[in-house]
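# Structural description and commentary
So the chains spell out like this:
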Amino acid sequence: MTEELIKLVKTNYNVEFKNTILLEQAFTHSSYVNEHRYLDLTDNERLEFLGDAVLELIISEYLYGTYTDLSEGKLTKMRAAIVCEDSLSKFAKECEFDKHVRLGKGEENSNGRKRPALLCDLFESFLGALYLDQGLEAVVKFVHQVIIPKIESGAFSHEMDHKTALQEILQRNGDVAITYTLVSEEGPAHEREFFVEVSVGDKVIGKGKGKSKKMAEQQAAAIAIKQLHK
């Protein structure tokens, strides 16, 4: 398990653990430890506790710096959507972490490998292990590879309306004409991708893409906000 996992995180995320025991611990569920007591193993629960706190800090700092016009309540709501069990379990599966977690036979037979709570804890455990092994900056880099692009693409637009936020920023001193233009559509009908530009007057201030025109517009607005804050 460890060699394949080491190769996975190195190939996909350019992460090389100095202490591979930490990586192994992050992927060891308590059910596996209980069934292999003679191996003197440690499960990932303490790492999960640490990773949870580190992730919340990184996401909080990103949202605070990116969405400077949002209230504390809206920032809290958006952060909650990003770090919730459902979201983190999906990130774990996208990273293929579910294929490498060590489970006891009972947990394995009851489809524990697909259980959102387990996968959420697994993802946070990995972050905790990475933090202990290489520090905060390494975790920030990983989060910016895995999670931040999802935020910018509008995956959490049900919690954050980027178009409204952009409008509020641009119209502080009066009405401004904001235009969203569908530039192109690509791909087959079942996998259509839409490309949109958002403009103020004749100036393009953001470009976005998505599986729907609405998602593309949200991403364009999110990128425009990011550019305006630079």
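Residues numbered from 1 in each chain as written. Predicted model: local features only at pLDDT ≥ 70, side-chain atom pairs only at ≥ 80, totals over all residues. Heavy atoms only, no water.

### Brief notes about the overall build of the protein
Helix and strand counts for the protein stand at 12 helices and 3 strands. C-alpha extents for the protein along the principal axes are approximately 70 × 40 × 30 Å. Looking at the protein as a whole, 44% of its 230 residues qualify as buried. Carbon and sulfur atoms make up 48% of the accessible area of the protein, which amounts to about 12600 Å² in all. Averaged over its 29 positive side-chain charges, the protein has a centre that lies 3 Å from the centre of its 37 negative ones. (Helix = DSSP H or I, 4+ residues; strand = E, 2+ residues; numbered from the N terminus. Buried < 20%, exposed > 50% of the residue type's maximum accessible area, 1.4 Å probe, protein only. Areas by Shrake-Rupley, 256 points an atom, 1.4 Å probe, with all protein chains shown as cover. Lys, Arg positive; Asp, Glu negative; His and termini not counted. Charge placed at Lys NZ, Arg CZ, Asp CG, Glu CD.)

### Side note on the packing of helix α4 (residues 45-66) against helix α5 (residues 72-82)
Remark: α4 packs on α5, axes separated minimally by 10 Å, with the N-to-C direction vectors making an angle of 135°. Between α4 and α5, the crossing angle belongs to the class labelled oblique. Here α4 runs over α5; the crossing is right-handed. Across the interface between the two elements, Glu56, Ile59, Ser60 and Leu63 of α4 pack against Leu75, Met78, Arg79 and Ile82 of α5. Classifying every residue of the contact of α4 with α5 gives 5 nonpolar, 1 polar and 2 charged. (Axes fitted to C-alpha atoms, helices over the stretch in contact; angles between N-to-C directions. Parallel < 35°, antiparallel > 145°, perpendicular 65-115°, else oblique. Left-handed = near helix turned anticlockwise from the far one by under 90°. Contact = heavy atoms within 4.5 Å. Nonpolar A, V, L, I, M, F, W, Y, C, P; charged D, E, K, R; others polar.)

### Description of the pattern of salt bridges
Considering all chains together, one arrives at 11 salt bridges under this definition. Measuring nitrogen to oxygen at the nearest pair gives 2.5 Å for the salt bridge that ties Glu108 to Arg113. Judged by relative accessible area, which is 22%, Arg113 ranks as partly exposed. (Salt bridge = Lys/Arg side-chain N within 4 Å of Asp/Glu carboxyl O.)

### Description of helix α11 (residues 162-170)
Within the sequence span of α11, burial applies to His162, Ala165, Leu166 and Ile169. Angularly, the buried residues of α11 cover 100° about the axis, an arc narrow enough to put them on a single face. Tucked inside the fold, the buried residues of α11 contact α5, α10 (148-152), β1 (178-186), β2 (193-200), β3 (203-210) and α12 (213-228). (Arc of directions from axis to C-beta.)

### Some points on the domain arrangement of the protein
As assigned here, the protein comprises domain 1 (1-157) and domain 2 (161-229). Between the C-alpha centres of domain 1 and domain 2 the distance comes to 31 Å. Opposite the 10 residues of domain 1 that make contact, domain 2 presents 11 residues. Both sides together, the interface formed by domain 1 and domain 2 hides about 1000 Å², and carbon and sulfur atoms give 50% of it. Where domain 1 touches domain 2, the interface holds 0 salt bridges. There are 0 residue pairs in polar contact (both at pLDDT 80 or more) connecting domain 1 and domain 2. Counting residues per element, the ones that place at least two in the side of domain 1 that touches domain 2 are α4 and α10. Residues of the side of domain 1 that touches domain 2, tallied by class, amount to 3 nonpolar, 5 polar and 2 charged. (Domains from an automatic or database assignment. Buried area = accessible area lost by both parts, 1.4 Å probe. Polar contact = N/O pair within 3.5 Å; in protein donor to acceptor, adjacent residues only side chain to side chain.)

### Focus on the UniProt feature "binding site: Mg(2+)" (unreviewed entry) in the protein
UniProt records the feature "binding site: Mg(2+)" (unreviewed entry) for Glu48, Asp121 and Glu124 in the present numbering. In three dimensions, the annotated residues from a span of 77 residues occupy one location, with a maximal C-alpha spread of 5.6 Å. Inspection of the secondary structure puts Glu48 in helix α4. Beyond its immediate chain neighbours, meaning those up to four positions away, Glu48 contacts Asp121, Glu124 and Ser125. For Glu124, the position within the fold is in helix α8 (residues 116-134). (UniProt positions renumbered as here; feature names shortened; annotations may be inferred.)

### Quick word on the packing of aromatic side chains
Taken as a whole and assessed by the stated rule, the structure comprises 10 aromatic pairs. Between Phe91 and Phe123, the aromatic rings sit 5.9 Å apart at their centres with planes inclined by 40°, giving tilted as the arrangement. Taken together, the residues span a long stretch of sequence, with Phe91 in helix α6 (residues 85-94) and Phe123 in helix α8 at a distance of 32 residues. For Phe91, a relative accessible area of 4% puts it in the buried group. The buried category is assigned to Phe123, whose relative accessible area is 0%. Where Phe123 meets Phe142, the ring centres are 6.0 Å apart and the plane angle is 40°; that geometry is what we call tilted. In this pair, Phe123 sits in helix α8 while Phe142 sits in helix α9 (residues 136-146), placing the two residues 19 residues apart along the sequence. Among the aromatic residues, those joined into a cluster by ring pairs are Tyr13, Phe17, Phe27, Phe91, Phe97, Phe123, Phe126 and Phe142. Note that Lys163 overlies the ring of Tyr180, its terminal NZ or CZ placed 4.6 Å from the centroid. (Phe/Tyr/Trp six-rings, centres within 6.5 Å; stacked < 30°, edge-to-face > 60°. Lys NZ or Arg CZ within 6 Å of the ring centre and 35° of its normal.)

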